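Chains, contacts and geometry: an overview
Read off the chains here:
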Amino acid sequence: MTNLGRLYSLLDDVTLPDDIPYSQVSDWELRFLYLLGRHRLTGEDGIVELGSGGGGSTYALALGLRDNPVFDERTGRLHAYDFFHVGKGTFATEKFFTAGARPADGGTSFLADFRARLEPFLPFLEIHAGDIHRTSDPDDTDPIEFLHIDIAKTPRVFRCVAERFLTRLRPGSVVLHQDFAGPRLPWLHYSTGALLPYIELAGPPIRSTLAFEVSRPIPAHVLKSVAEDAYTVDEKLALISAVQDRIDHDHTGGIPFKSVLEMAKAYVAHYAGQYERAWSIAGPLESDAYLSRTRASHFEQLRKGPGR
């Protein structure tokens, strides 16, 4: 078991506040964030959350940092990145507003709500509000101790993440991919396959989140290939297969990741315009109980690929 994996045994012992802000991640994932802040992080290097949403995950992580005797609130910083707006293309829900819905004046920003919820941690919380291409610094090379990725919903944003954040990882850095159960985001899966020689998986995913620690320096050419999406379809499928060889179900046994990743392969082909091939991969998965129950829209999309 990796040092990071030892935190799994503590998950059942974590009790989070009842009034923790609304979050789209599970209670298990919030507990793991707390444990990372409490037992694993130091604040000596950057602590970065990409996609803070309504603040639930930020709150859990910040609470762990506050309870951590090693973390110095005077010098350590938790960087929270988000667009902090609802609307088309933002992937945000109106539940991120304190009232649970957009205000009567039609405003789209929930930044003030986020600040109010995270008020206890503002002394060490640095908020970066807006498009990540504008709020992140392409010239920043400061090392990152912890990177929580819940923002890479499109290839364009993932390229920014790869170029400006993955390049700052060092041996010992911890990364969480929150959307790892999302087959429509296959770049998360094949990029992880490309990184496998340089990382150690903490263990099975915590619900939708895959956690890993960098164990060896990641070569610049690998990071460049990840950022530029410089892989053929066949190479991407092989990289996802390498991840399938390493993980099965999530830690609760509820999410069959081998099947989820197989559907991610179908999306690799789909996005490349290989629609027949995509359906040949996805079709047999209709018999999977989990996917048939939770991914009906995915099957419909893949079945109706242009030209089919």
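Parameters and conventions
Residues numbered from 1 in each chain as written. Predicted model: local features only at pLDDT ≥ 70, side-chain atom pairs only at ≥ 80, totals over all residues. Heavy atoms only, no water. Pairing = 2+ DSSP bridges. Helix = DSSP H or I, 4+ residues; strand = E, 2+ residues; numbered from the N terminus. Axes fitted to C-alpha atoms, helices over the stretch in contact; angles between N-to-C directions. Contact = heavy atoms within 4.5 Å. Buried < 20%, exposed > 50% of the residue type's maximum accessible area, 1.4 Å probe, protein only.

Quick word on the sheet that holds strand 5 (residues 169–177)
One open sheet holds the 7 strands; their spatial order is 3-2-1-4-5-7-6, and the pairing between them is mixed. Of all strands in the sheet, those bounded by a partner on one side alone are strand 3 (125–129) and strand 6 (199–201). Across the sheet, the mean angle from the axis of one strand to that of its neighbour is 20 degrees, orientation sign disregarded. Bridge count for strand 6 against strand 7 (residues 210–214) is 3 bridges, and the pairing is antiparallel. In the strand pairing of strand 7, L201 is matched with F212. With respect to the sheet, helix 1 (residues 27–40) is in contact with strand 4 (144–149), strand 5 and strand 7, its orientation differing from that of strand 5 by roughly 160 degrees.

Some points on unusual backbone geometry
Note: most peptide bonds trans; most residues except glycine with negative phi. In this structure, F84 takes a positive phi of about 55 degrees despite not being glycine. Positive phi, normally seen in glycine, also occurs at R207, with a value near 50 degrees. Inspection of the secondary structure assignment puts R207 in the loop between strand 6 and strand 7. Classification of R207 by relative accessible area gives partly exposed; the value is 25%.

Worth remembering: the numbers are spatial, not functional.
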